[in-house]
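For reference, the chains in residue letters:
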Amino acid sequence: RSLDSGDMGLTLDIESALSNLIDDRDFIEINKSRARFNLFEAMGGVRAELRHSNFLSFLLSPARSHGLGSKPLQTVLRAILTKLPSDKRPFRALEVAVGDLDDATVFRELDYIDLLVEVRELNFVVVIENKVDAKAGDGQLANYKAVVDKKYPSWRKLFVYLTPAGDEPDHPEYVAFGYSELAQIVEALVKEGAHSYGSDVVLILTHYVDML
């Protein structure tokens, strides 16, 4: 059918918006990044929950071969703690900033938990449940908490629900954390240590940020 004046006006508005978008600097940069080769995309890891959790475990483990020590773990934990009111934090951000995290151990799929971080030196444990496309099953978060409470009765505990959009968990003791927040942390690490990290480390972290 022929376009009436209302349809014509809407069409012109859409064309104008698209034209402005094409010239937008942020859109141009995003488009460039999407066109670049990405190692995680090549390995099929963009939406692969297990591979994503595996790399996050590698990054957060102080003793692994990335050479960053406990800096990634320290920075991520401090960012998560800031999302909680000060009276709700199981431990202080200052403890993480000045404490010894070098002996922290990151477990994968221990008791089916995606990532579990033990910091014996500071007597706390962190549970990270990572979901890409699916949501946590009914009672899943509560079950993990019950397992950890039983296994670490005297430890301080932080429970984290990590999703692409920072979805709210269905359990009140879990903290929502989003991929965009994680990407900002890793990007800051790259900028901070670009001259001191190995070129291979900078490259893989940059690819990780682009993937996120």
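Preceding block: the structure.
Residues numbered from 1 in each chain as written. Predicted model: local features only at pLDDT ≥ 70, side-chain atom pairs only at ≥ 80, totals over all residues. Heavy atoms only, no water.

When its secondary structure is counted, the protein chain shows nine helices and five strands. A total of 212 residues make up the protein chain; the buried ones form 41% of that total. Restricting to contacts in the protein chain with at least 6 residues of sequence separation, those with at least 24 account for 55%. (Helix = DSSP H or I, 4+ residues; strand = E, 2+ residues; numbered from the N terminus. Buried < 20%, exposed > 50% of the residue type's maximum accessible area, 1.4 Å probe, protein only. Contact = heavy atoms within 4.5 Å.)

Attention now goes to empty space enclosed by the protein. On inspection of all chains with the given rule, the structure shows one cavity of 30 Å³ or more. Within this model, the largest cavity holds a volume of roughly 50 Å³. Every residue lining the largest cavity is listed: Leu56, Leu60, Val76, Ile80, Ile128, Val160, Leu162, Phe177 and Leu182. Residue assignment for the lining of the largest cavity shows that the elements contributing at least two residues are helix H4 (49-60), helix H5 (71-81) and strand S4 (156-163). Of the residues that constitute the lining of the largest cavity, the class distribution is nine nonpolar, no polar and no charged. (1 Å grid on protein atoms, 1.4 Å probe; cavity = no way out; pocket = protein on both sides within 12 Å on 5 of 7 lines; lining within 4 Å. Points joined across faces, edges and corners; volume = space filled by probe spheres on them. Nonpolar A, V, L, I, M, F, W, Y, C, P; charged D, E, K, R; others polar.)

This part takes up the nonpolar core. One finds Phe124, Val126, Leu158, Leu182, Leu205 and Tyr208 to be the most contacted residues of the largest nonpolar core, which totals 45 residues. When near neighbours in sequence (up to four residues on either side) are disregarded, valine 126 contacts Leu77, Phe91, Leu115, Leu116, Val117, Leu158 and Val160. (Core = buried A, V, L, I, M, F, W, Y, C linked by side-chain atoms within 4.5 Å.)

Another aspect to go through is the environment of valine 132. Note that valine 132 resides in the loop between strand S3 (124-130) and helix H7 (140-151). When its relative accessible area of 10% is taken as the criterion, valine 132 is described as buried. It is 10.0 Å that separates the C-alpha atoms of valine 132 and serine 53, two residues lying 79 residues apart in sequence.

Before going further, it helps to examine the side chain of serine 61. Locating serine 61 in the fold gives a position in the loop between H4 and H5. Taking relative accessible area as the criterion, serine 61 reaches 8% and is therefore assigned buried. Setting aside residues up to four positions removed in sequence, serine 61 forms contacts with His66, Gly69 and Val106.

This part covers the pairing of strand S1 (residues 105-110). Summarising the sheet, S1 and strand S2 (residues 113-119) pair through five bridges and their orientation is antiparallel. The residue bridging valine 106 from the neighbouring strand is valine 117, located in S2. Between the antiparallel neighbours S1 and S2 lie two residues, among them aspartate 111 with a positive phi of about 55°. (Pairing = 2+ DSSP bridges.)

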